[in-house]
Structure formats: C-alpha cells, structure tokens
Amino acid sequence: MSGQFQRLAETNRPRLAITIDGEPAEALAGDTVLTALLAHTRRVRIAEFGGEPRAGFCLMGACQDCWVGLADGRRLRACTSFAEAGMALETTGMTLRGR
Amino acid sequence: MAAEPPVIVGTGPAGTRAAETLVRAGLRPIVIDEAPASGGQIYRRQPPGFTRADTEVYGFEADKATRLHRAFDGLADRIDYRPNTLVWSIRPDRMHLLRGGRVNELAFSHAIFATGAMDRVIPFPSWTLPGVFTLGGAQVALKYQGCAIGRRVVFLGTGPLLYLVAYQYARAGARVVAVLDTAPFAGKLAALPALLARPGMAAKGMFYLGWLRSRGVTVASGIRPVGVEGTDAVAGLVWRDDAGREHRTDCDAIALGFGLKAETQLADLAEVPFTWDNLQRQWLPERDGWGRTPVGGIYLAGDGAGILGADAAELTGERAALALLQDRGPGDHGQRVAAINAELDRHRRFRAGLEAAFPFPDDLARSTADDTILCRCEGVSAGELRRAASELGAGEVNRAKAFSRVGMGRCQGRVCGPAAAEILAAALGVPIEQAGRLRGQAPVKPLPMAAVLDTTQ
Ligand SMILES: Cc1cc2nc3c(=O)[nH]c(=O)nc-3n(C[C@H](O)[C@H](O)[C@H](O)COP(=O)(O)OP(=O)(O)OC[C@H]3O[C@@H](n4cnc5c(N)ncnc54)[C@H](O)[C@@H]3O)c2cc1C
Ligand code: FES
C-alpha cells in the first residue's frame, strides 16, 4: 500500500529502521512519527469512538487526532514527536490487540 | 518594585519581537514555546539535518524569516529560553508548565501571550477520512517535513492562505489538482480597494492566482463542498460550482481551511474578558490600544489576540512589550506605540478587505447535515448538537457541550468550536454572539499520565 504523504525534498537524511504494525519500515532522521507513518500507510490510528481510521488533521499539535501507540506501551502525539530508530508503531490501537 | 522576570509565551513573529524589545530595555524575559525551535507558524524552522535554503522554504517571505530567526538567535544569552515547554494552565500568579513529560510551576507577575492561531474548519460529509488535513497542516508537511499531503491535492476553503499554500505545493513539485474557494468572485473584486492598503500583499495574491491558472490548475470561486469520497481514505471530492453544477474531482488529499481562529485559551484561563468580533466572526480577548488586557500583568500580541497576519504580529509583539515596560516604569513609550498603531491601521484596513474578499461561509456551517460528524474527538454528529438544543433545551454552547459532548474532547473544541457555534445559533434562532462562548479549561492540551500523577501529589 502506498503512503498518504509524498516526499518532495530532503530525502538524503540518515535512514532509521522502525516497524509499523509489526512490518519493517524505514523513516528518515527528522521525520515526525506522523510523517514516518504516512510515508508508508494512510492511517495513524483507529478512532476510539466509531472505529474508523484517522491520519491526523492539523499537524501542529492542536487537534489531538494523531495519538499513536507503541508496542512498548508509550503513547505519542505523532505530529509533534520525532521518529527514533527501533520504534514499533501500532496504528491499530493497543486496545484492539487486547492489551 | 521587585517583580518576577516577565514571561513571553510564543516565539513566532510576535513573541520574538516582544522578547527583543524587553531585552533592549535591559530585562531578561523567560521565553516559552512548546515547539522545539523559534519561528512560530509562518516562520517555522525545519528540524536539524534539513538543508533547504530559506528561499526554498519561505519563498517571498525568506528575508523576513531569516531576519526574524537571526533576531531570536541573537537574544540567546540574554533570555531564559524554554523550548519544548507547554503552558497548560494559568492561575493569577503562576503558570503551569509541561516539559519532557514533567510538570512544574512558574511564578509570574507579567506575561505576554503571543500564542498564534490555527485553521478554522467547517465539517462536511466524510471530512474525517484520512487524507483530509487542515490547510495550515498541509503547509507544515511541506515546510517542516519536505512532504506533500498526497499525490493529487485539492485545496478547499477560503482565505489568502488557500492560494499561497497551493502555490507553494505546485512550486515544490506537488500535483495540485484544484483550488476550490467558497468565496464568490464578485466579493473579491469589491474588496480590491481595501486590499490596496497593502499593495505588495495584494500583488502577491494576484501572482499566486495567475501562476496557478497558467499551469492549468482548476481554480473556482463560489463553490460549495458536497462530500469526500472514499472508504478508508480520500479518493475524490464532490463539489458544486457557483452555477450549482456538481463536479467530482479525483484526488487523494484535501487541504481544508476557512481562515484562522485565534488561540486564546491562555487568555481565557487568565480570566481576560472576551468580546464578539463581528468582522473576524470569533470571540476575542479584550485588549486596549497597547495590547493590555483588563487583567493586570497580562498582555496580548500577534494572531492570538485577533488575526492580523505576520507583519502585524511583529508590531503588536513590540507593542505589548512596550506596554509592559510602561506599566513597570520608568520611561514613556507613547510615541513609539502611536507610530506602531498608525502602521497597524493599514493592516486593519487590509484585514477588512480580506474578510470581505474571503468571508467565512457561515451558511455552510449552519447547514451541516445531521449525520455529519462535527466533533472528531468523540465522533458526535451535527444532529446530536441540534438535539441538545431542541430536545434538551441547551440555550448556549457550554450547556450544549455538557449535553452533547461537542467540544468536550481532547482538542477542547479547537476544531469543532466555530462550526458548533454556528449550528447552535441557527438551531436556537439567535444571533451567533447569543449562542455564547465555549469556555476554556485546563489543561489546554492533554497531559501524559505520568504528568497527571505528578499534579495530584
Ligand atoms: C499552520 C499555519 C501556517 C501559517 N502559514 C502562514 C504563511 O505561510 N503566511 C502567512 O502570512 N501567515 C501564515 N499563517 C498565519 C499566522 O498565524 C501568522 O502569519 C503568524 O504566524 C502569526 O504570528 P504569531 O507570532 O502571532 O503566532 P505564531 O507564529 O503562530 O506563534 C505562536 C507560538 O506560540 C506557541 N504556543 C501557543 N500556545 C502555547 C502554549 N500554551 N504553550 C507554549 N507555547 C505555545 C506556538 O508553539 C507557536 O510557536 C499560518 C498559520 C498557521 C496556523
Ligand atoms: S495532527 Fe493535530 S495534533 Fe497531531
């Protein structure tokens, strides 16, 4: 599946290995978690009321529609957190996986 | 009088000039921003490791961006700068901060809030689908991340930023399939004399429009959105042109914005009174001709005190700092403030022109279909808000919020607030200002669980 975002510039940054829902994926140093996700997918999270996919909205820390879970139990606001090597991002939401 | 060091919240154009002015007067302000670097929205800086030149990131505004960044960086050892720090609550003599997941308090006597603005949006069918982002968000993706929000992008809404961001996208190599403006063309013509209060700005706007047209981008005025198509993400947009004909535009992303709304939560928590501003169609904190609020020690600057744009933000930032200096004494800054106010007059006339050229389509907000999601936080529909008014008797927004949960979610009504007020006013059959103002609450943004535990100790 191709991602929501299209990279237009700044593609020569160091690569970071992450996983998205268990699948290996690549982010670039300086990517927000939101960018890292949307470069590969079209979903950041599942809405808790309604269960439909969401992919953030404002990208400036205002709407709070981009909180994403990590396999280690952390939750991050994707548009204002930077991607780090080794992050295991879970767009399906931890509750849906029975955690 | 021995007072605490003054505090500035926000490091956009307003906060930067406020800090510079206080430093020039020999003070060492505490300067707080939740962002990792200064610049605010318009002059937001790229993360470390990005290499595009300012001309590429900021276009015509590159010189201003460079100057503002240099001005801020030049203050480094003369201010107490606290980036990555959110002010999440205000009490009369202290503010609550969040930094690195931990909370702490800061006692203060004087503060300048230069907290900026965000996009104002109107819901329409399926606007919560992945691929719909705010217009400002679309610009953040490009400026801050070197990305486009999609491969075929539609710009939908109204306001000068609609054309600017579409132009920036096309220039950067993104495919802009259409710019769809809800404002009618005739209004733009009529607004031209007022817009000429700032001829350079007016010329830039015309340039963006001409440039987009000459590249074959569909540009339409007086449109109405019908709905987003797609099951799990955006696949197209259906809209109606000014003659009422329906069109379907293939796209995978939509940048949505209907002007800006001031970020006023901190002023609200500081108990600054608000008045309804008919021109900007929003509630704004009261301030005098210096940027002073009726609450002692609280000053306002920039778009957070009412939308006037980035150049005016620099002026009102300086002005708020001068007001603070005047009040702390000694010295008289009346002359400089009078000069600033004379200059701001031009910005106000220009703003009136913009509001006439790109009016907020309140009819669109009011006609939001019952089954359209209004509150994206909690998935509440427009119909549920109407029912709060008709069946439960909610006579103003705060009661309606209690009954319907609209505005109660994590964004605190930042996103749904303007449309919710229009829908409620229409349902009650009252003028919008009688539908009331959604009151702000602490924390202004959600705190992480560890920080919540800290606050209860
Ligand atoms: C996403 C976006 C993009 C824009 N792009 C343009 C553009 O390209 N051209 C243009 O002319 N106008 C643009 N604008 C309009 C913009 O509002 C002004 O031009 C300009 O940025 C206003 O300057 P300011 O100093 O008032 O606020 P801002 O530049 O918005 O700065 C406000 C700062 O306050 C900080 N802040 C807010 N609340 C808190 C808090 N509680 N705690 C800590 N920090 C806080 C924010 O992080 C931000 O850095 C944009 C607006 C938005 C929302
Ligand atoms: S996308 Fe709005 S807060 Fe992250």
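Scope of this entry: the structure provided in the associated data block. Keep in mind that what you see is a predicted model, and the values were worked out from it rather than measured. (Residues numbered from 1 in each chain as written. Chains lettered and ligands numbered in written order. Predicted model: local features only at pLDDT ≥ 70, side-chain atom pairs only at ≥ 80, totals over all residues. Heavy atoms only, no water.)

1. With respect to the interface of chain B and chain A
Between chain B and chain A, the contact holds 51 residues from the first and 38 residues from the second. Interface area for chain B against chain A, summed over the two sides, is near 3600 Å², with a carbon-plus-sulfur share of 55%. At the boundary of chain B with chain A, the tally comes to four salt bridges. Across the pair R52 of chain B and E10 of chain A runs a salt bridge whose closest N-O atoms are separated by 3.0 Å. Counting across the interface, chain B meets chain A through 18 residue pairs in polar contact (both at pLDDT 80 or more). Listing elements by their share of the side of chain B that touches chain A, those giving two or more residues are β8 (117-119), β9 (132-134), α4 (135-145), β10 (147-148) and β17 (253-258) of chain B. (Contact = heavy atoms within 4.5 Å. Buried area = accessible area lost by both parts, 1.4 Å probe. Salt bridge = Lys/Arg side-chain N within 4 Å of Asp/Glu carboxyl O. Polar contact = N/O pair within 3.5 Å; in protein donor to acceptor, adjacent residues only side chain to side chain. Helix = DSSP H or I, 4+ residues; strand = E, 2+ residues; numbered from the N terminus.)

2. So, the site of ligand 1
The immediate surroundings of ligand 1 are formed by 32 residues, with A14, D33, Q41, Q139 and D303 of chain B found nearest. Each of chains A and B places residues next to ligand 1. At a separation of 3.1 Å, a nitrogen atom of ligand 1 approaches a polar backbone atom of E34 of chain B. Protein burial of ligand 1: of its 970 Å² of free accessible surface, 92% is covered by the chains. Elements represented by at least two residues in the shell around ligand 1 include exactly α1 (13-24), β4 (85-91), β8, α4, α5 (160-171) and α9 (310-328) of chain B. A class-by-class count of the residues in the shell around ligand 1 yields 16 nonpolar, twelve polar and four charged. (Near = heavy atom within 4 Å. Areas by Shrake-Rupley, 256 points an atom, 1.4 Å probe, with all protein chains shown as cover. Nonpolar A, V, L, I, M, F, W, Y, C, P; charged D, E, K, R; others polar.)

3. Remarks on the layout of surface pockets
Looking at the second largest pocket, its volume works out to about 400 Å³. Counting only elements with at least two residues in the lining of the second largest pocket, the list comes to α2 (54-58), α4, α5 and α7 (199-214) of chain B. (1 Å grid on protein atoms, 1.4 Å probe; cavity = no way out; pocket = protein on both sides within 12 Å on 5 of 7 lines; lining within 4 Å. Points joined across faces, edges and corners; volume = space filled by probe spheres on them.)

4. Topic: the packing of α1 of chain B against helix α3 (residues 62-73) of chain B
Residues and elements named next belong to chain B. Put simply, α1 and α3 touch, their axes get as near as 10 Å, and they point 45° apart. Classified by the angle between their axes, α1 and α3 sit oblique to one another. Considering how the two elements wind past one another, α1 and α3 form a crossing that is left-handed. For the pair α1 and α3, contact is made by P13, T16, R17 and E20 and by L68, A71 and F72, respectively. Its residues assigned to classes, the contact of α1 with α3 shows four nonpolar, one polar and two charged. (Axes fitted to C-alpha atoms, helices over the stretch in contact; angles between N-to-C directions. Parallel < 35°, antiparallel > 145°, perpendicular 65-115°, else oblique. Left-handed = near helix turned anticlockwise from the far one by under 90°.)

5. Some words on the pattern of salt bridges
Residue and element names in this part refer to chain B. Counting across every chain of the model gives 47 salt bridges over all chains. With a shortest N-O distance of 3.2 Å, R224 and D363 are connected by a salt bridge. Pair noted here: R224 is in strand β14 (residues 224-229) and D363 is in helix α11 (residues 362-366), with a separation of 139 residues, a long-range link. Judged by relative accessible area, which is 39%, D363 ranks as partly exposed. For R437, the salt bridge is made with D268, and the minimal N-O distance between the two is 2.9 Å. Residue R437 is found in the loop between α14 (417-428) and α15 (449-455), and its partner D268 is found in helix α8 (residues 265-269); the two are separated by 169 residues along the sequence. Taking the relative accessible area as the measure of exposure, D268 reaches 13% and is therefore buried. (Buried < 20%, exposed > 50% of the residue type's maximum accessible area, 1.4 Å probe, protein only.)

6. As for the nonpolar core
Ranked by size, the top nonpolar core spans 61 residues in total, and within it F5, L34 and V44 of chain A together with I149, F155, Y169 and V179 of chain B carry the most contacts. The element that contributes the greatest number of residues to this core is α5 of chain B, accounting for seven residues. Each residue touching F155 of chain B, except ones within four places of it in the same chain, is listed here: L135, L162, V165, A166, Y169, V176, A178, V179, L180 and A255 of chain B. If you look at the next biggest cluster of nonpolar residues, it comprises 54 residues, including F57 of chain A together with L156, L256 and I432 of chain B. (Core = buried A, V, L, I, M, F, W, Y, C linked by side-chain atoms within 4.5 Å.)

7. Notes on the packing of aromatic side chains
Between two aromatic rings, the relevant description is the distance of the centres plus the angle of the planes. Residues and elements named next belong to chain B. Considering all chains together, one arrives at 14 aromatic pairs over all chains under this definition. With a centroid separation of 6.2 Å and an interplanar angle of 65°, the aromatic rings of F207 and Y208 are classed as edge-to-face. Pairwise contacts between aromatic rings join F60, Y167, F207, Y208 and W211 into one cluster. The ring of Y144 carries R44 above its face, with NZ or CZ at 4.7 Å from the centroid. (Phe/Tyr/Trp six-rings, centres within 6.5 Å; stacked < 30°, edge-to-face > 60°. Lys NZ or Arg CZ within 6 Å of the ring centre and 35° of its normal.)

8. Considerations on empty space enclosed by the protein
Residues and elements named next belong to chain B. Taken as a whole and judged by the stated rule, the model has four cavities of 30 Å³ or more. When its volume is computed, the largest cavity comes out at roughly 530 Å³. As for the largest cavity, its lining consists of 32 residues, and the residues nearest its centre are K261, G417, P418, R437 and L438. Counting residues per element, the ones that place at least two in the lining of the largest cavity are β18 (260-262), α8, β19 (274-277), β20 (282-285), α13 (397-404) and α14. Counting residues per element, the lining of the largest cavity draws most heavily on α14, which supplies five residues. Among the residues forming the lining of the largest cavity, the class breakdown is 14 nonpolar, eight polar and ten charged. Split by domain, the lining of the largest cavity shows at least three residues from each of two domains, domain 1 (7-118 + 261-329) and domain 3 (363-435). (Domains from an automatic or database assignment.)

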